[in-house]
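# Chain and residue survey
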Amino acid sequence: MPKVDRRIAKSQVAIKKAVTELMAEKSFDDITIQDIADRADVNRGTIYLHYTDKYDLLDKMIEEHIENLRELCQSASEMTFQEGNYVWYEYFESNYLFFSTMLASKGAPYFRSRFLDLVVEEFRAEMDEEIEKNEGLNEEVILQFFGSAVVGSVEWWFKNGMPLPARDMAEQTGALLDRNF
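Residues numbered from 1 in each chain as written. Predicted model: local features only at pLDDT ≥ 70, side-chain atom pairs only at ≥ 80, totals over all residues. Heavy atoms only, no water.

### Things to note about the side chain of D56
You can see D56 is positioned in helix α4 (residues 54–75). Among the residues examined, D56 registers a relative accessible area of 17% and is labelled buried. Among residues more than four places away in sequence, those in contact with D56 are H50 and Y51. (Helix = DSSP H or I, 4+ residues; strand = E, 2+ residues; numbered from the N terminus. Buried < 20%, exposed > 50% of the residue type's maximum accessible area, 1.4 Å probe, protein only. Contact = heavy atoms within 4.5 Å.)

So this is what it looks like as structure tokens:
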């Protein structure tokens, strides 16, 4: 994999941080490329070197975080849900501004949808319709139910200012998943 020039990487980090901060302050529709450039302290042209427009920028940010979460799932595949959830909650906590903006505000409904799709996709591999407690239940209903519960719990955590430490959230949500999945 080719090494990315540090100046390019630094600009991209500043641009992503700027758009996330701006989304915490106002509606994405009201944010302009100039707003992002000013906040990131880069020229508008620098943004256009990397992104088609602000929607492309947001899409790439979302996909980057979804991919990171997917990789965390793969690295935690041999763990219990409690242990694996802790890896996720640590990631959420270390990327607080992004996730709180995406989930606790009306920032990006697309993100919530992508997040739910990821959770359902990851649970699908864990799903066992043959066990007695799942007998007679539709697999998609089970997956959507637990996927929505996970996304809803994360949303609740951010909307309420992370009232429990990440470890507690991971343990409690993981215990529920281990008990029911």
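### Observations regarding the layout of surface pockets
Within this model, the largest pocket holds a volume of roughly 360 Å³. If you go around the largest pocket, you meet 18 residues; those closest to its centre are C73, F81, E122, F123 and E126. Secondary-structure elements contributing two or more residues to the lining of the largest pocket are α4, α5 (81–94) and α7 (109–124). Broken down by element, the residue count for the lining of the largest pocket peaks at 4 residues, all from α5. Of the residues in the lining of the largest pocket, the class split is 11 nonpolar, 5 polar and 2 charged. Considering only enclosed or pocket space, the second largest pocket measures out at about 310 Å³ in volume. (1 Å grid on protein atoms, 1.4 Å probe; cavity = no way out; pocket = protein on both sides within 12 Å on 5 of 7 lines; lining within 4 Å. Points joined across faces, edges and corners; volume = space filled by probe spheres on them. Nonpolar A, V, L, I, M, F, W, Y, C, P; charged D, E, K, R; others polar.)

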